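Coordinates in review
Chain by chain, the residues run as shown.
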Amino acid sequence: MFEDALERQANARLALAMDLRNAIVEQEFALHYQPVFTSAGTRMAGVEALVRWRNPQRGLVGPQDFIPLAEETGAIVPLGQWILRQACRDAAAWPLHIKVAVNLSPVQFRTGNLVECIEAALNSSGLPANRLELEITETVLLKNNAHNLQLLHQLRELGVAIVLDDFGTGYSSMSYLLSFPFDKIKIDRKFVSELTQRTDCAAIVNAICGLARSLNMATTAEGVETHEQLVLLRAAGCTFAQGYLLGRPCTKSQLLIEAADGAAIRLGNRM
Ligand code: C2E
Ligand code: MG
Ligand code: MG
């Protein structure tokens, strides 16, 4: 019975891996964009690109359910290239003050041509490098440290911003701040979600914001769902806020409607 279960699991993974491979050719991926706002004011400062997979048989599959397998099989490389090209192309059509953030997988650092891919995505779209932000997690620094650090410096030389995602959840977050001069730190949702109930979470968020300020790095709070959280984040001096309170990930046409609709003004009235 145990062997049967294992075999079923292995077959399911194989099927998922094969579907993933076809998904790029079949154009089953789409990018959704979640707005990021300045936490002090109400201005939309940018968006984060979040990949979605719509498969005719499987329906909508979330990134948590396919990115790890795409990383294992290497499918993340062509997928990551597509995401970069698409995000840059979309953002090039948006108002100049709107930046676009793209998540990078550690596997993309191993392919050998990450810098060239990003340069090509910028050149072909015409997006100025200072409107692109690259989000990495500390696993990029964990594996193959020296090589990846060199790549991060090369990317920075292109003029793009480097952002440390999910900050505070890893093993030795503080030491990563010494290894590279990040432009921005994203405070993990875990700390934001309990901000109003737990004084220790509030203390950590305050400390991260203070630390980032003295290191000349901006901060984005992830997963802001309540107005109370936003008030505390503002008081802590957090630079940007992102979360369901301010806007859920949506398609680019929904996003543009929101922007043209004056989302910032409506938000301002609410606060
Ligand atoms: P992430 O980069 O930390 O992205 C933020 C995730 O939090 C997104 O989930 C977003 O929908 C969700 N989120 C945003 N605001 C809220 C909120 O207020 N409350 C709650 N509960 N959740 C919120 P999503 O889209 O499912 O993405 C999950 C993760 O998958 C991302 O975490 C990122 O690590 C990865 N991912 C997504 N898109 C890409 C991509 O294009 N490339 C790579 N390499 N990874 C991606
Ligand atoms: Mg991210
Ligand atoms: Mg994150």
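Residues numbered from 1 in each chain as written. Chains lettered and ligands numbered in written order. Predicted model: local features only at pLDDT ≥ 70, side-chain atom pairs only at ≥ 80, totals over all residues. Heavy atoms only, no water.

**Some thoughts on the packing of aromatic side chains**
Within the structure shown, the criterion is met by five aromatic pairs. Look at F29 and F66: their rings are 5.7 Å apart centre to centre, the planes differ by 45°, and that puts the pair in the tilted class. Here the residue F29 occupies a position in strand β1 (residues 29-38), and F66 occupies one in helix α2 (residues 63-73), the gap between them amounting to 37 residues. You'll find F29 and F66 in the same group, each marked buried. Their ring planes at 90° and their centres at 4.9 Å tell us that Y33 and W94 sit as a pair that is edge-to-face. Here Y33 is found in strand β1, whereas its partner W94 is found in the loop between α3 (76-92) and β4 (99-103), with 61 residues between them in sequence. Here the aromatic cluster, defined as three or more aromatic residues joined through ring pairs, consists of F29, W53 and F66. Positioned above the aromatic ring of F240 is the side chain of K184, whose terminal nitrogen or guanidinium carbon lies 4.4 Å from the ring centre. Stacked on the ring of Y244, the Lys or Arg R248 has its end atom at 3.8 Å from the ring centre. (Phe/Tyr/Trp six-rings, centres within 6.5 Å; stacked < 30°, edge-to-face > 60°. Helix = DSSP H or I, 4+ residues; strand = E, 2+ residues; numbered from the N terminus. Buried < 20%, exposed > 50% of the residue type's maximum accessible area, 1.4 Å probe, protein only. Lys NZ or Arg CZ within 6 Å of the ring centre and 35° of its normal.)

**A few points about the pairing of strand β6 (residues 161-167)**
Counting buried residues in β6 gives six out of seven residues, a clear majority hidden from the surface. Bridge count for strand β5 (residues 132-136) against β6 is four bridges, and the pairing is parallel. Bridge pairing links E133 to A161 in β6. Relative to strand β7 (residues 184-187), β6 is paired through three bridges, and the arrangement is parallel. Looking at β7, one finds that L164 is bridged to I185. (Pairing = 2+ DSSP bridges.)

**Section: the side chain of Q108**
With respect to the helices and strands, Q108 occurs in the loop between β4 and α4 (114-125). Within polar-contact distance, the side chain of Q108 engages the backbone nitrogen of S105 at 2.8 Å. Ignoring any residue separated from it by four or fewer positions in sequence, one finds Q108 in contact with I76, G80, Q81, L84, N103 and L114. (Polar contact = N/O pair within 3.5 Å; in protein donor to acceptor, adjacent residues only side chain to side chain. Contact = heavy atoms within 4.5 Å.)

**Thoughts on α4**
For α4, which comprises 12 residues, the first-to-last C-alpha distance of 17 Å matches the rise-based estimate of 16 Å (1.5 Å per residue) to within 8%. Tucked inside the fold, the buried residues of α4 contact α3, β5 and α6 (145-158). A positive phi of about 80° marks G126, the residue just after α4. (Expected span 1.5 Å × (residues − 1).)

**Things to note about the pairing of β5**
Consecutive side chains along a regular strand alternate between the two faces of the sheet. Most of β5 sits inside the fold, with five of its five residues counted as buried. Residues L132, L134 and I136 of β5 are buried on one face, and the alternating residues E133 and E135, pointing to the opposite face, are buried as well. One ladder, built from four bridges, connects β4 with β5; its direction is parallel. Looking at the pairing, V100 lines up with L132 of β5. In the classification by handedness, the crossover that spans β4, the intervening α4 and the parallel β5 is right-handed. (Right-handed = clockwise from strand over helix to strand, strands pointing away.)

**Considering the site of ligand 1**
Within the structure, ligand 1 sits among 22 residues, and R52, N103, R189, E225 and Y244 are positioned closest to it. Interatomic distance of 3.0 Å between a side-chain N/O atom of E48 and an oxygen atom of ligand 1. Within the contact set of ligand 1, a nitrogen atom lies 3.2 Å away from a backbone nitrogen or oxygen of V51. Tallying contributions element by element places strand β2 (residues 44-55) first for the shell around ligand 1, with four residues. Here the residues of the shell around ligand 1 sort into nine nonpolar, six polar and seven charged. (Near = heavy atom within 4 Å. Nonpolar A, V, L, I, M, F, W, Y, C, P; charged D, E, K, R; others polar.)

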